[in-house]
Amino acid sequence: MKKIIAALDGLKYAESTVQFAIQIARETHSHLVGVFLEDFSYHSYSIYELAPRREPWEQELRKLNEQDLVSRAESVEKFTALCQKADIEFNIHHDRNFALPELLHETVYADLLIIAKNETLSPFPQVPPTGFLRDLLGDVQCPVLVVPEDFELVDKIVLLYDGQPSSLFAIKMFSYLLPFMKMLPVEILTVKPQDENHQVPDNRLMKEFSRRHFHNASYHVLHGAAEQEIVKYLKESEKPPLVVLGAYQRNLVSRWFRQSMADVLMEKLDSPLFIAHT
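Residues numbered from 1 in each chain as written. Predicted model: local features only at pLDDT ≥ 70, side-chain atom pairs only at ≥ 80, totals over all residues. Heavy atoms only, no water.

1. Re the overall build of the chain
Alright, step 1. Looking only at helices and strands, the chain features 10 helices and 10 strands.
Alright, step 2. In terms of overall dimensions, the chain is globule-like: its C-alpha atoms have a radius of gyration of 20 Å, near the 19 Å expected for 278 residues.
Alright, step 3. In terms of overall dimensions, the chain has C-alpha extents of about 70 × 45 × 35 Å along its principal axes.
Alright, step 4. Buried positions account for 50% of the 278 residues belonging to the chain.
Alright, step 5. Taking contacts inside the chain between residues at least 6 apart in sequence as the whole, the part at least 24 apart equals 80%.
Alright, step 6. Accessible area for the chain stands at about 14,200 Å²; split by element, carbon and sulfur atoms hold 51% of it.
Alright, step 7. In the chain, the 29 positive side-chain charges and the 39 negative ones have mean positions that sit 5 Å from each other. (Helix = DSSP H or I, 4+ residues; strand = E, 2+ residues; numbered from the N terminus. Rg over C-alpha atoms; globule rule 2.2 N^0.38 Å. Buried < 20%, exposed > 50% of the residue type's maximum accessible area, 1.4 Å probe, protein only. Contact = heavy atoms within 4.5 Å. Areas by Shrake-Rupley, 256 points an atom, 1.4 Å probe, with all protein chains shown as cover. Lys, Arg positive; Asp, Glu negative; His and termini not counted. Charge placed at Lys NZ, Arg CZ, Asp CG, Glu CD.)

2. Thoughts on the packing of aromatic side chains
Working definition: an aromatic ring pair is given by the centre-to-centre distance plus the angle between the planes.
Alright, step 1. Applying the stated criterion across every chain yields a total of 6 aromatic pairs.
Alright, step 2. Where Phe-36 meets Phe-79, the ring centres are 5.8 Å apart and the plane angle is 85°; that geometry is what we call edge-to-face. Of this pair, Phe-36 sits in strand β2 (residues 31-37) while Phe-79 sits in helix α3 (residues 58-86), and the two are 43 residues apart along the sequence. Each member of the pair, Phe-36 together with Phe-79, is buried.
Alright, step 3. Where Phe-174 meets Phe-214, the ring centres are 6.5 Å apart and the plane angle is 20°; that geometry is what we call stacked. With a gap of 40 residues between them, Phe-174 in helix α6 (residues 165-177) and Phe-214 in the loop between α7 (203-213) and β8 (217-223) connect regions that are remote in the sequence. As far as the burial class goes, Phe-174 and Phe-214 line up, both buried.
Alright, step 4. Counting every residue linked through ring pairs, the aromatic cluster contains Phe-36, Phe-79 and Phe-90.
Alright, step 5. The ring of Phe-214 carries Lys-182 above its face, with NZ or CZ at 6.0 Å from the centroid.
Alright, step 6. We note Lys-207 situated over the ring of Tyr-219; from NZ or CZ to the ring centre the distance is 4.9 Å. (Phe/Tyr/Trp six-rings, centres within 6.5 Å; stacked < 30°, edge-to-face > 60°. Lys NZ or Arg CZ within 6 Å of the ring centre and 35° of its normal.)

3. Focus on the nonpolar core
Alright, step 1. One finds Leu-32, Phe-174 and Phe-274 to be the most contacted residues of the largest nonpolar core, which totals 45 residues.
Alright, step 2. Of the residues forming this core, the biggest block, 6 residues, is contributed by helix α1 (residues 15-28).
Alright, step 3. Not counting residues within four places of it along the chain, the set of residues in contact with Leu-32 comprises Ile-4, Ala-6, Ala-21, Ile-22, Ala-25, Phe-79, Cys-83, Ile-88, Glu-89, Phe-90 and Asn-91.
Alright, step 4. One finds Leu-11, Leu-133, Leu-222 and Leu-265 within the second-largest nonpolar core, a separate group that totals 41 residues. (Core = buried A, V, L, I, M, F, W, Y, C linked by side-chain atoms within 4.5 Å.)

4. Digging into the environment of Pro-143
Alright, step 1. Relative to the assigned elements, Pro-143 resides in the loop between α5 (131-139) and β5 (144-147).
Alright, step 2. Judged by relative accessible area, Pro-143 falls into the buried class, the value being 8%.
Alright, step 3. Sequence-distant contacts of Pro-143, that is, excluding residues within four places in its chain, are made with Asp-111, Leu-112, Leu-113, Met-173, Leu-177, Phe-274, Ile-275 and Ala-276.

5. Re the environment of His-29
Alright, step 1. When you line up the elements, His-29 lands in the loop between α1 and β2.
Alright, step 2. You can call His-29 exposed: its relative accessible area is 60%.
Alright, step 3. With 59 residues separating them along the chain, His-29 and Ile-88 place their C-alpha atoms 7.6 Å apart.

6. Considerations on the side chain of Lys-192
Alright, step 1. Tracing the sequence through the fold places Lys-192 in strand β7 (residues 186-192).
Alright, step 2. Within polar-contact distance, the side chain of Lys-192 engages the backbone oxygen of Gln-199 at 2.6 Å.
Alright, step 3. With sequence-adjacent residues up to four places away left out, Lys-192 is seen in contact with Asn-197, Gln-199, Val-221, Leu-222, His-223 and Gly-224. (Polar contact = N/O pair within 3.5 Å; in protein donor to acceptor, adjacent residues only side chain to side chain.)

7. A short note on the state of the cysteines
Alright, step 1. In this structure the tally under the stated criterion is 0 disulfides.
Alright, step 2. This cysteine, Cys-83, is not joined by any disulfide, and Cys-142 carries the nearest cysteine sulfur, 18 Å off. (Disulfide = S-S within 2.5 Å.)

8. Focus on the pairing of β7
Working note: regular strand, side chains alternate between the two faces of the sheet.
Alright, step 1. With 7 of 7 residues buried, β7 lies mostly within the body of the structure.
Alright, step 2. Residues Val-186, Ile-188, Thr-190 and Lys-192 of β7 are buried on one face, and the alternating residues Glu-187, Leu-189 and Val-191, pointing to the opposite face, are buried as well.
Alright, step 3. Regarding the hand of the β-α-β motif, the stretch spanning strand β6 (residues 157-160), α6 and β7 is right-handed.
Alright, step 4. Inspection of the sheet shows β7 paired to β8 by 7 bridges, in the parallel sense. From the neighbouring strand, Ile-188 faces β8, where its bridge partner is Tyr-219.
Alright, step 5. For the handedness criterion, the β-α-β arrangement of β7, α7 and β8 is classed as right-handed. (Right-handed = clockwise from strand over helix to strand, strands pointing away. Pairing = 2+ DSSP bridges.)

No statement about biological role is implied by the geometric values presented.
Printed below as a string of structure tokens:
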């Protein structure tokens, strides 16, 4: 059995994350772990809003903390009920230290992580890609499925391929981990400079490989700037496809000055993203 982990914030229960996780666990006969990130420094309220009050606020703080405990318990109950209804093997982890290093450590022992693209582990909303997710994806130790806020069944797969080993590694991991999705229509999408031909990189080898993994794959070669052309192409789909892409890792300075392809897709689209890097 594979081990899938779903990262969940009990204070902002991500229904879509759970639905994707249960569907994949059921289809692949995998063991699902609900990792509830209960960072001791994170609450549903801002301590800075309470601190300036002149009147005693200890009682209000105690009440808010009790409400957080109730919310987290209710989220665990919801997750448990849905897993039992789906008749899948599952268990629950309560990670109560700092969320990011705790979750990164969990990924060392997982085959796949599923997480919402708007996950913040903060009481304040952020526009995707959130800071928490960007930091997570830079150092994660297993493939990740980043899912949109609303659950929708996937009906098409788009594999981003640029000829680099990192993109082929992501395609391999997708094939190994989610074999039931290979029955869907699969497109292999490449973007090349304007003056290059219409063949995918390593054309013969790539087609020889893909025939063994994706029997119904089609190929599309676009020309221009990769970020713009890929977003434009994907927006033309009737429903957001699941997109598979490679390397996210970069050094810190590089992350400051240039978005990764995953960042661009999280910002511009509502597609689920399967991300894997070596």
